[in-house]
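Survey of secondary and tertiary structure
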Amino acid sequence: MSGSAKTTEGETVVVLDFGSQYTQLIVRRVRQLGVYCQILPHTASCEELLSLRPKALILSGSPGSAVGPAAADMDAAILESGLPVLGICYGMQILARMRGGVVQKARAREYGPAVLKVDGPNELFEGCGRTLDVWMSHGDFVAELPQGFSGLAHTSGTPIAAMGQAAAKQYGVQFHPEVEHTQKGIKILGNFLFRIAGCRGGWSMKDFIEDAVDQIRTQVGDQRVLCALSGGVDSAVTAALLNRAIGDRTVCVFVDNGLLRLGEAEQIRRLFREEHPLSFRSLDAADKFLLALRGVEDPEKKRKIIGEMFVQVFREEAARIGGAKFLAQGTLYPDVIESHSASGGPSATIKTHHNVGGLPDDLEFELVEPLRGLFKDEVRLLGRQLGLPEQMLKRQPFPGPGLAVRIIGAVTEDRLRVVREADARVQEELRDYDGFSDIWQSFAVLLPVKTVGGMGDDRTYATVVAVPVAMSTAAMTADWARLPPEFLERLSSRIINEVKGVNRVVYDISPKPPSTIEWE
């Protein structure tokens, strides 16, 4: 959550957002260390920042350059406030520039893994060793240190990869300690929070639940709320929070849009009518969605159409039950930051999520989004605190637009059949795989190409299916699963032989970034 929250003895760390795709991941890591954290835009004044009484400040990265007049800036008074500061990537560069150092454009962008050499003992790298694998993503670098600062570490391509001034408690790192690819990243953040900034820790998800319930009650008053229930983790946890906050004034609505996986609609109806009953309504709108998507190939248009269709269905249901001013949905922070910057920063739009940027301007509902500031792993922790069953919490993420964004190109009933049947084989095989619990997401993607093949004595000219299997914890970064060759061989054989219209299977070995887990 990016608003106010109950903290441990008033302990808060603020991230000043310059537009990085990783800003909320920084927040996630700080909370993971037991310190409440929230975001302010980089345009916030010193007075606004200090009104939150923060223990420390973290400056985020940015897609922009710190060189030149167009660079995103911050209130200079903040750096004179006495707050401990950690600048990350762009945050280090802006800290260096505003303290009198020199930042220059690099000859070549440094992106990806690098080996960091720590120059000597210091509090920021205490207990991290002298050599670390880190993740870089920058096109500028600090060429000259500000007065009073010392270089703390370097890489082969970046002579000043970390800097600090112990007396002022101001530090900067050119790499990203918040991403999984950086070795000892959590330790480095912990050193800043506890050794340098003097935080004590102790914040937990129980604090989040109390705050979320209070905010829901304040927002909706005595009104009814429609809750968009997909059957996934996010919407189920949203429904549980609403039930705790306002009880039976929550009406959960499941929409079968015709874009679900094999047998999924039936499973969801059984789950919420029989096994974990809620105030539950099931609507069949498959024909409406497929008609609206006919002939549409552009992925952004597909997402927007699906968002608009969901709203239309919810409007009709609100009128049917006698009116509901509020619509609750399980929007998470990865959805928000891939659609636009959540804090007014200049971050780039990666893709529009149907429940964020895909919603129409004339929504006619006030949104209730209690999970908007959380990552998937945090939502699962929250669900456990709320007593939801593990079977529900371990369900793999499934996009709101469903199989429409796992079909590259136009959505047709036959193409839905192919991707649905291929996906079923992926899930069946992986459920029996020993490492299944470590897999974040696995599915099938139908490609808009055909290739030549041979089955028996016949020539075929049929569709290609891609299979991504991703390993991740927060969905902001991911790597592909190194599945055994014999497993891939069996999976490929099943899809080609059992799914009519497919004669080739390819395996996705692209990490995120630069790719995304979903293909559209």
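Residues numbered from 1 in each chain as written. Predicted model: local features only at pLDDT ≥ 70, side-chain atom pairs only at ≥ 80, totals over all residues. Heavy atoms only, no water.

**Things to note about the overall build of the protein**
- The secondary structure content of the protein amounts to 14 helices and 19 strands.
- Seen through its C-alpha atoms, the protein measures out along the principal axes to roughly 70 × 65 × 40 Å.
- Accessible area of the protein: about 21200 Å², with a carbon and sulfur share of 49%.
- For the protein, the centre of its 58 positive side-chain charges and the centre of its 65 negative side-chain charges are spaced 1 Å apart. (Helix = DSSP H or I, 4+ residues; strand = E, 2+ residues; numbered from the N terminus. Areas by Shrake-Rupley, 256 points an atom, 1.4 Å probe, with all protein chains shown as cover. Lys, Arg positive; Asp, Glu negative; His and termini not counted. Charge placed at Lys NZ, Arg CZ, Asp CG, Glu CD.)

**Looking at the sheet that holds strand β14 (residues 366-368)**
- Here five strands make up an open sheet; going across it, the order is β12-β11-β10-β13-β14 and the pairing parallel. Every other strand in the sheet has two partners, leaving β12 (280-284) and β14 as the edge strands with one partner each. Sheet twist, expressed as the average angle between the axes of neighbouring strands with direction ignored, equals 30°.
- Taken together, the four bridges between strand β10 (residues 225-228) and strand β11 (residues 250-256) define a ladder with parallel strand orientation. (Pairing = 2+ DSSP bridges. Axes fitted to C-alpha atoms, helices over the stretch in contact; angles between N-to-C directions.)

**Observations concerning the packing of aromatic side chains**
- Within this structure, the stated rule accounts for ten aromatic pairs.
- On the numbers, 5.5 Å between centres and 55° between planes, the contact of Tyr-36 with Trp-203 is tilted. Of this pair, Tyr-36 sits in strand β2 (residues 36-41) while Trp-203 sits in the loop between α4 (185-196) and α5 (205-220); the two residues are 167 residues apart in sequence, bridging distant segments of the chain.
- Here Tyr-111 and Trp-135 contribute two aromatic rings whose centre-to-centre distance is 5.6 Å and whose plane-to-plane angle is 75°, an arrangement assigned as edge-to-face. Taken as a pair, Tyr-111 in strand β5 (residues 102-118) and Trp-135 in strand β6 (residues 131-144) lie far apart in primary sequence, 24 residues in all.
- We classify Tyr-111 as partly exposed; its relative accessible area is 37%.
- Put simply, the rings of Phe-254, Phe-272 and Phe-280 touch in pairs and so form one group of aromatic residues.
- We note Arg-380 situated over the ring of Trp-440; from NZ or CZ to the ring centre the distance is 5.2 Å. (Phe/Tyr/Trp six-rings, centres within 6.5 Å; stacked < 30°, edge-to-face > 60°. Buried < 20%, exposed > 50% of the residue type's maximum accessible area, 1.4 Å probe, protein only. Lys NZ or Arg CZ within 6 Å of the ring centre and 35° of its normal.)

**Structural notes on the packing of helix α13 (residues 413-431) against helix α14 (residues 485-498)**
- Contact pair α13 / α14: the axes reach a minimum separation of 10 Å and the direction vectors enclose 150°. Classified by the interaxial angle, the pair formed by α13 and α14 is roughly antiparallel. Once α13 is placed against α14, the crossing between them reads as right-handed. The residues of α14 that touch α13, namely those facing Glu-421, Ala-422, Arg-425, Val-426, Glu-428, Glu-429 and Leu-430, are Phe-487, Arg-490, Leu-491, Arg-494, Ile-495 and Glu-498.
- Partitioning the contact of α13 with α14 into residue classes produces six nonpolar, no polar and seven charged. (Parallel < 35°, antiparallel > 145°, perpendicular 65-115°, else oblique. Left-handed = near helix turned anticlockwise from the far one by under 90°. Contact = heavy atoms within 4.5 Å. Nonpolar A, V, L, I, M, F, W, Y, C, P; charged D, E, K, R; others polar.)

**Overview of empty space enclosed by the protein**
- In the structure shown here, the tally under the stated rule is three cavities of 30 Å³ or more.
- Counted as a void, the second largest cavity has a volume near 100 Å³.
- What lines the second largest cavity is a set of 13 residues, among which Pro-468, Ala-470, Asp-508, Ser-510 and Ile-517 lie closest to the centre.
- Looking at the lining of the second largest cavity, the elements that each hand over two or more residues are β17 (458-471) and β18 (479-480).
- Counting residues per element, the lining of the second largest cavity draws most heavily on β17, which supplies three residues. (1 Å grid on protein atoms, 1.4 Å probe; cavity = no way out; pocket = protein on both sides within 12 Å on 5 of 7 lines; lining within 4 Å. Points joined across faces, edges and corners; volume = space filled by probe spheres on them.)

**Considering the side chain of Thr-250**
- Secondary-structure assignment places Thr-250 in strand β11.
- Using a relative accessible area of 1% as the deciding quantity, one classes Thr-250 as buried.
- Every residue in contact with Thr-250, bar those within four places of it in the chain, is listed here: Val-225, Cys-227, Leu-242, Asn-243 and Ser-279.

**Things to note about the environment of Thr-473**
- Its place among the elements puts Thr-473 in the loop between β17 and β18.
- Owing to a relative accessible area of 37%, Thr-473 belongs among the partly exposed residues under this scheme.
- Those residues in contact with Thr-473, other than ones at most four positions away along the chain, are Arg-29, Glu-180, Asp-377 and Trp-440.

**Details of α4**
- The end-to-end C-alpha distance of α4, which contains twelve residues, comes to 16 Å, matching closely the 16 Å that a straight helix rising 1.5 Å per residue would cover.
- Considered for burial, the residues of α4 that qualify are Gly-185, Ile-188, Leu-189, Gly-190, Asn-191, Phe-192, Leu-193 and Ile-196.
- Structurally, α4 contributes buried residues whose contacts are with β1 (12-17), α1 (23-32), β3 (56-59), β4 (85-88), β6 and β9 (170-173).
- Gly-198, located one to two residues past α4, shows a positive phi value of around 75°. (Expected span 1.5 Å × (residues − 1).)

**Quick word on the nonpolar core**
- Residues Leu-226, Val-237, Leu-241, Val-255, Phe-314 and Leu-382 are the most contacted members of the largest nonpolar core, which totals 90 residues.
- The next biggest cluster of nonpolar side chains, apart from the first, holds 36 residues, and it includes Val-30, Val-118, Phe-125 and Met-136. (Core = buried A, V, L, I, M, F, W, Y, C linked by side-chain atoms within 4.5 Å.)

**Description of the confidence of the model for the protein**
- On average, the protein scores 89 in pLDDT, and the residues at 70 or more come to 92%.
- Confidence over residues 1-8 falls short of pLDDT 50; this stretch has 30 contacts with residues more than four positions distant or in other chains.
- Low confidence marks residues 340-357, where pLDDT is under 50. Its contacts with residues over four positions away, or in another chain, come to 65 contacts. (pLDDT = per-residue confidence, 0-100.)

**What about the packing of helix α8 (residues 286-293) against helix α9 (residues 299-320)?**
- Where α8 meets α9, the axes come as close as 10 Å, and the angle between the chain directions of the two elements is 145°. The element α8 and its partner α9 pack so that their crossing is right-handed. Where α8 abuts α9, its residues Lys-288, Phe-289, Ala-292 and Leu-293 lie against Lys-302, Ile-305, Ile-306, Met-309, Phe-310, Val-313 and Glu-316.
- Split into classes, the residues belonging to the contact of α8 with α9 amount to eight nonpolar, no polar and three charged.

**Let's talk about the pattern of salt bridges**
- Tallied over the full model, the rule gives 27 salt bridges.
- Between Arg-320 and Glu-317 there is a salt bridge; the shortest N-O distance is 2.3 Å. With Arg-320 and Glu-317 both in helix α9, this residue pair falls three residues apart, about one helical turn.
- Accessibility expressed as a relative area gives 56% for Arg-320, which makes it exposed.
- Among the ionic contacts, a cluster of salt bridges with common partners joins Arg-425, Glu-428, Glu-429, Arg-490, Arg-494 and Glu-498. (Salt bridge = Lys/Arg side-chain N within 4 Å of Asp/Glu carboxyl O.)

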